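Letter by letter, the chains look like this.
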Amino acid sequence: MTGEGSRRWRLEMLAVGLLWALMPPLPAFAQCDGRGNFDSVYAEAWGIDKRNTRYQPRSSLNSTNAERLALKWVYGLAGETPRFYPLVTEDTIVIGDSGRGLVALDRETGCERWLYPHDGEIASAILHSKVGNRDLLIFNDRTAGVFAVDAGTGTVVWTAKVSQEPVPWYSGSPVVVGNLVYVPVSSMEVALAVNPLYGCCVTSGGLAAFDLATGAALWYLPTIEQPAEQTGRHFLLVEKHGPSGASVWAAPAYDAERGRLYFGTGQNFSHPTTDTSDALFAVSAQSGEIAWVRQFTANDAYTAACNIAALNHPNCPDPMGPDVDFGAPVVLTRTRSGRPLLLAGQKSADVHAVDPDTGERVWTRKLGRGGIIGGVHWGLAVNERQGLVFVPVSDKALVGFPAPGKPAPGLYALDVETGAVRWSHRRESRCSDRECVFGLSAAAVAANDIVVSGSMDGYLMVHEATSGALLWEHDAWREYSAVNGVRTRGGAFDAHGAMLADDLLMVTAGYQYVGQQRGGNAFLLFQLQPSQATKSEPPDGEAAATAPSRAGRPRSEEPAWSEGVPLSDGTVGRAVGAHD
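What you see is a predicted model; the values in this text were computed from it and never measured. (Residues numbered from 1 in each chain as written. Predicted model: local features only at pLDDT ≥ 70, side-chain atom pairs only at ≥ 80, totals over all residues. Heavy atoms only, no water.)

## Some words on the pattern of salt bridges
Alright, step 1. If you walk through the whole model with that rule in mind, you get 24 salt bridges.
Alright, step 2. The residue Asp 135 makes a salt bridge to Arg 35 at a minimum N-O spacing of 3.3 Å. Pair noted here: Asp 135 is in strand S7 (residues 134-141) and Arg 35 is in the loop between helix H1 (3-22) and strand S1 (69-76), with a separation of 100 residues, a long-range link.
Alright, step 3. Of the charged contacts, one joins Arg 233 and Glu 239 as a salt bridge, the two residues approaching to 3.8 Å between their closest N and O atoms. (Salt bridge = Lys/Arg side-chain N within 4 Å of Asp/Glu carboxyl O. Helix = DSSP H or I, 4+ residues; strand = E, 2+ residues; numbered from the N terminus.)

## Details of the nonpolar core
Soluble globular proteins: nonpolar side chains tend toward being buried together.
Alright, step 1. Counting 82 residues, the largest nonpolar core has Val 452, Leu 505, Phe 523 and Leu 524 as its most contacted members.
Alright, step 2. Of all hydrophobic cores here, the second largest spans 19 residues; its members include Leu 367, Leu 380, Val 382 and Leu 414. (Core = buried A, V, L, I, M, F, W, Y, C linked by side-chain atoms within 4.5 Å. Buried < 20%, exposed > 50% of the residue type's maximum accessible area, 1.4 Å probe, protein only.)

## Comments concerning the sheet that holds strand S30 (residues 421-425)
Alright, step 1. Read across the sheet, four strands follow the order S27-S28-S29-S30 without closing on themselves; strand pairing throughout is antiparallel. Every interior strand has two partners, whereas the edge strands, strand S27 (381-383) and S30, have only one. If you compare each strand with its neighbour and ignore which way they point, the axes differ by 20° on average.
Alright, step 2. With six bridges joining them, strand S28 (residues 388-393) and strand S29 (residues 410-415) adopt antiparallel strand pairing. Within S29, the position partnered with Pro 392 by the bridge is Leu 411. (Pairing = 2+ DSSP bridges. Axes fitted to C-alpha atoms, helices over the stretch in contact; angles between N-to-C directions.)

## Observations concerning the packing of aromatic side chains
Alright, step 1. Scanning all chains against the criterion turns up twelve aromatic pairs.
Alright, step 2. Between the aromatic rings of Tyr 182 and Trp 219, the centroid separation amounts to 6.0 Å while the plane-to-plane angle is 45°, which identifies the pairing as tilted. With a gap of 37 residues between them, Tyr 182 in strand S12 (residues 180-187) and Trp 219 in strand S14 (residues 217-222) connect regions that are remote in the sequence. The residues Tyr 182 and Trp 219 share a single accessibility class, namely buried.
Alright, step 3. With a centroid separation of 5.3 Å and 80° between ring planes, the pair formed by Trp 472 and Phe 526 is classed as edge-to-face. (Phe/Tyr/Trp six-rings, centres within 6.5 Å; stacked < 30°, edge-to-face > 60°.)

## With respect to the state of the cysteines
Alright, step 1. Under the criterion given, the structure shown has four disulfides.
Alright, step 2. The disulfide partner of Cys 32 is Cys 111, and the S-S distance across this bridge is 2.1 Å. Disulfide Cys 32-Cys 111: the torsion about the S-S bond is 40°, which places it as right-handed. With Cys 32 in the loop between H1 and S1 and Cys 111 in the loop between strand S4 (101-106) and strand S5 (112-117), the pair connects residues that are 79 residues apart, well separated along the chain.
Alright, step 3. For Cys 32, a relative accessible area of 15% corresponds to the buried category.
Alright, step 4. For the protein, the bonded cysteines pair up as 1-2, 3-4, 5-6, 7-8 when numbered in the order they occur along the sequence. (Disulfide = S-S within 2.5 Å.)

## Some words on the layout of surface pockets
Alright, step 1. Its volume calculated, the largest pocket comes out at about 730 Å³.
Alright, step 2. Considering the residues around the largest pocket, the lining is formed by 34 residues, among which Arg 142, Trp 249, Lys 347, Tyr 513 and Val 514 are closest to the centre.
Alright, step 3. Of the residues contributing to the lining of the largest pocket, the split by class is 18 nonpolar, ten polar and six charged. (1 Å grid on protein atoms, 1.4 Å probe; cavity = no way out; pocket = protein on both sides within 12 Å on 5 of 7 lines; lining within 4 Å. Points joined across faces, edges and corners; volume = space filled by probe spheres on them. Nonpolar A, V, L, I, M, F, W, Y, C, P; charged D, E, K, R; others polar.)

## As for the side chain of Thr 276
Alright, step 1. Position of Thr 276 among the secondary structure elements: in the loop between strand S20 (268-270) and strand S21 (279-284).
Alright, step 2. Owing to a relative accessible area of 13%, Thr 276 belongs among the buried residues under this scheme.
Alright, step 3. A distance of 2.7 Å separates the side chain of Thr 276 from the backbone oxygen of Thr 223, its partner in a polar contact.
Alright, step 4. With residues up to four places along the chain from it excluded, the contact list for Thr 276 reads Thr 223, Ile 224, Ala 246, Thr 265, Phe 281, Val 293 and Gln 295. (Polar contact = N/O pair within 3.5 Å; in protein donor to acceptor, adjacent residues only side chain to side chain. Contact = heavy atoms within 4.5 Å.)

So this is what it looks like as structure tokens:
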């Protein structure tokens, strides 16, 4: 090479080096490998435990360190209504990225370990179980059924569907007990009824049991035993049918002592109504035989057709009910005196405690007006040591749908023994737009002396468990820089809510499903920072992620009150705002 050629070559290499240095880093997943370790997982079911308490015993987050939470990394999802609940191990987080598939992320960096391609909607918690030496990952596709995937190879081991229902929805998370997988079943007819030419309705909700090793169907319990019959016509040719509905929307709670499963049901879709809608069931975990059923709201009939054409739709039941089903999982717990109780939150904004042996009501506490997207949506959390149940209340009204009464959205802490309100946290919405309406629809999660919840107007909050004091919050309505290079923004907190594990807090931000909420595609992971460390600025100037209390929020968004809250029995509970 001549001297001129050598000089030109060196200049070219220098230019290439400078361009390489100025290029953004490759997405982290491009450098990530390994299947991950599944020897230890941080939840055995959607409810953390199989009783659905949503209490994480393996968390170091508490009231003394919550202000040290800082955003560690963000992963950009494919859609803006994420509906999965992650599986966490010692080194891996498995998520359901609807439209792409099941994704295993490195816990430290957020890089992709592997991807199991799946183009459907992963709509449940992702569960881990073992069959022999094989690690299985189990989840629901909302329309395609239940899937078991080999965690080592990413290959499908089995899939299963309910054959007894023509249009089932698999909206609730399964639970694995021994060699059985229990799957709650709802129905697409609640939505198909919006078509006035659809002959509503013939299906029932139910609970199905499958073999863990093979996916073979073992039994199916419908919530309505009576077959639907023709009850009339509209438009001369379209037949009406009933009874129907009573969907099972959520994961059952397992009672090892009694060998039972407990679950709640939704409203009927058509008349005649049944005594199994808006009800709690106790059934044998071995056979599905019913031990008892207790109904809480009779004659509740509703479909999505009722929201159309000024409530005059031919597939809207007449008379129409308030749609106040049990959409959240039932919780099996004990009081501090040792009494076993079932706790169930209803969309009527009632929380009920019943005797698990008989189904007899012990107490009921009404916390708001409730309604179609009001009341309790996705789930309670219980701190048994403190004797508290934490209740997120939405109380959002759907446009054009009647919602009588005064809304009372917020987070409530009730005494498990008596149902008395110990504290509540409420505030004004961040703005007047529909997507800004404050309310808590996402499930809560608890650990140590804290409870975590997320609001529909985009705030993730950590409260002290016994007083309700707001310890930390994060505003998710922003753009994020994602480790996988996807354009990412946060939105409403809804659905399954946050997960806790060790010093981590993780949650999806964005849920565009109902009520004109703000969609988003951010999977956020926060970590406790060492107390002696100097806090550095988080990615993209995320100063709010590390700020205690409400630093940086406009004054107009501060809680405006901390007076007593009138309760349904005439007593007064103490309400705690951010600065109490």
